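Take a look at the letters that make up each chain.
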Amino acid sequence: MPKQSYFLTEIRLDDFPDTKGAPLAEGRFRPVSFCSDGERRESAVIFEALQALKANDQKAAFKGLRHFVKLAQLGKPFDQLVDKKTVHEAFAPFFCDVTQKEETVWRYRHGDIRILFYYASGKVVLLADALAKRKDALSDKEKNRAKQAVVDFLKASQSGDGIQWI
């Protein structure tokens, strides 16, 4: 079986035009995204998810992601920084075959934009998906996509090949 590479990149304030040159805070949470191309940070699936949104939602989504990254700089769990309507569990915890325990996907709300994320070890926050939602309920497809992102990340972090950072 060929090696499956898993590429991750940290989403930083530098990724947003109005925060170029912003320093990275010590003790911060590190929002990360899987990249489909190991040579290009722009292939981060979170950026691809935002680009797939309609034009009016894209602007709000990039603004929401930038705000999420700014909150990550504070180094505290997101639910300690904002109210429960803004950050809470996206859906019921699910049993993960990789870790043999219940795992939780969280939801960050910024207007009509929902960013689904997972707290990993070492202050890493996996950005699983970004959606434009007019209602709170997630479809089964959206839940399954977020769960699969978590499972893929956990498999990669436990494999001998591990994760490659770009």
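The coordinates are above.
Reference entry: report on the structure contained in this document. (Residues numbered from 1 in each chain as written. Predicted model: local features only at pLDDT ≥ 70, side-chain atom pairs only at ≥ 80, totals over all residues. Heavy atoms only, no water.)

### Quick look at the pattern of salt bridges
The cut-off we apply is this: Think of a salt bridge as a Lys or Arg side-chain nitrogen and an Asp or Glu carboxyl oxygen that are within 4 Å of each other. For helices the rule is a DSSP run of H or I covering at least 4 residues; for strands it is a run of E covering at least 2, with both sets numbered from the N terminus onward. Accessibility here uses a 1.4 Å probe with only protein chains present; expressed as a share of the type maximum, an area under 20% marks a residue as buried, one over 50% as exposed, and anything in between as partly exposed.
What the rule picks out here adds up to eight salt bridges. Linking Glu10 and Arg28 is a salt bridge whose minimum nitrogen-to-oxygen distance equals 3.0 Å. You can see Glu10 sitting in strand 1 (residues 7-10) and its partner Arg28 sitting in the loop between strand 1 and strand 2 (30-35), a full 18 residues away along the chain. Residue Glu10 is classed as buried on the basis of its relative accessible area, which comes to 7%. A salt bridge links Asp15 to Arg41; the nearest nitrogen and oxygen atoms lie 2.8 Å apart. Here Asp15 is found in the loop between strand 1 and strand 2, whereas its partner Arg41 is found in the loop between strand 2 and helix 1 (45-51), with 26 residues between them in sequence. In this structure Asp15 comes out as partly exposed when scored by relative accessible area, which is 22%. Among the residues examined, Arg41 registers a relative accessible area of 19% and is labelled buried. Overlapping salt bridges, with partners in common, bring together Glu10, Arg28 and Arg30 in one network.

### Quick word on the layout of surface pockets
Once rolled over the atoms, a probe with the size of a water molecule shows which space is left empty. Which entries qualify depends on this criterion: Both site types are read off a 1 Å grid over the protein atoms alone. A 1.4 Å probe that fits but cannot get out defines a cavity, while an open set with protein on both sides within 12 Å along at least five of seven lines defines a pocket; lining residues have an atom within 4 Å of a point. Grid points are joined across faces, edges and corners, and a volume is the space filled by probe spheres set on the points. Throughout, the ten residues Ala, Val, Leu, Ile, Met, Phe, Trp, Tyr, Cys and Pro are labelled nonpolar, Asp, Glu, Lys and Arg are labelled charged, and all others, Gly among them, are labelled polar.
As a volume, the largest pocket reaches approximately 230 Å³. Taken together, 13 residues line the largest pocket, and the ones lying closest to its centre are Phe34, Val45, Ala128, Arg145 and Ala149. Of all the secondary-structure elements, those providing two or more residues to the lining of the largest pocket are helix 1, strand 8 (124-132) and helix 3 (140-158). Examining the composition of the lining of the largest pocket, we find that six residues originate from one element, strand 8, more than from any other. Its residues assigned to classes, the lining of the largest pocket comprises ten nonpolar, no polar and three charged.

### Some details on the packing of aromatic side chains
Threshold: Pairing of aromatic rings covers Phe, Tyr and the six-membered ring of Trp, with a centre-to-centre limit of 6.5 Å; geometry is then stacked below 30 degrees between planes, edge-to-face above 60, and tilted otherwise.
Under the criterion given, the structure shown has eleven aromatic pairs. With a centroid separation of 4.3 Å and an interplanar angle of 15°, the aromatic rings of Phe68 and Phe78 are classed as stacked. With Phe68 in helix 2 (residues 55-72) and Phe78 in the loop between helix 2 and strand 3 (87-89), this pair connects stretches of sequence that are ten residues apart. Just as Phe68 is buried, Phe78 falls in that class too.

### Some words on the nonpolar core
The line we're drawing: In plain words, nonpolar cores are sets of buried Ala, Val, Leu, Ile, Met, Phe, Trp, Tyr and Cys residues tied together by side-chain atoms within 4.5 Å. Contact criterion: two residues are considered in contact whenever any of their non-hydrogen atoms come within 4.5 Å of each other.
Within the largest apolar cluster, 28 residues are counted, with the highest numbers of intra-cluster contacts made by Ile11, Leu65 and Phe117. Only helix 1, helix 2, strand 6 (106-110), strand 7 (113-119) and strand 8 provide two or more residues apiece to this core. Considering every element that reaches this core, the biggest residue donor is helix 2, with six residues. Those residues in contact with Leu65 that lie beyond four places of it in its chain are Ile11, Phe16, Ile46, Phe47, Leu50, Ile115 and Leu127. Residues Val32, Phe91, Phe94 and Tyr118 belong to the second largest nonpolar core, which totals 23 residues.

### Here's the deal with the pairing of strand 6
Our working definition: The criterion for strand pairing is that DSSP finds at least two bridges linking the strands in question.
Alignment of strand 3 against strand 6, held across three bridges, turns out to be antiparallel. Across the sheet, the residue bridging to Val87 is Tyr108, located in strand 6. Here strand 6 pairs with strand 7 via five bridges, running antiparallel. Each bridged residue has a counterpart across the sheet, and for Tyr108 the counterpart in strand 7 is Ile115. What sits between strand 6 and strand 7 in their antiparallel hairpin is a turn of two residues, with Gly111 showing a positive phi close to 65°.

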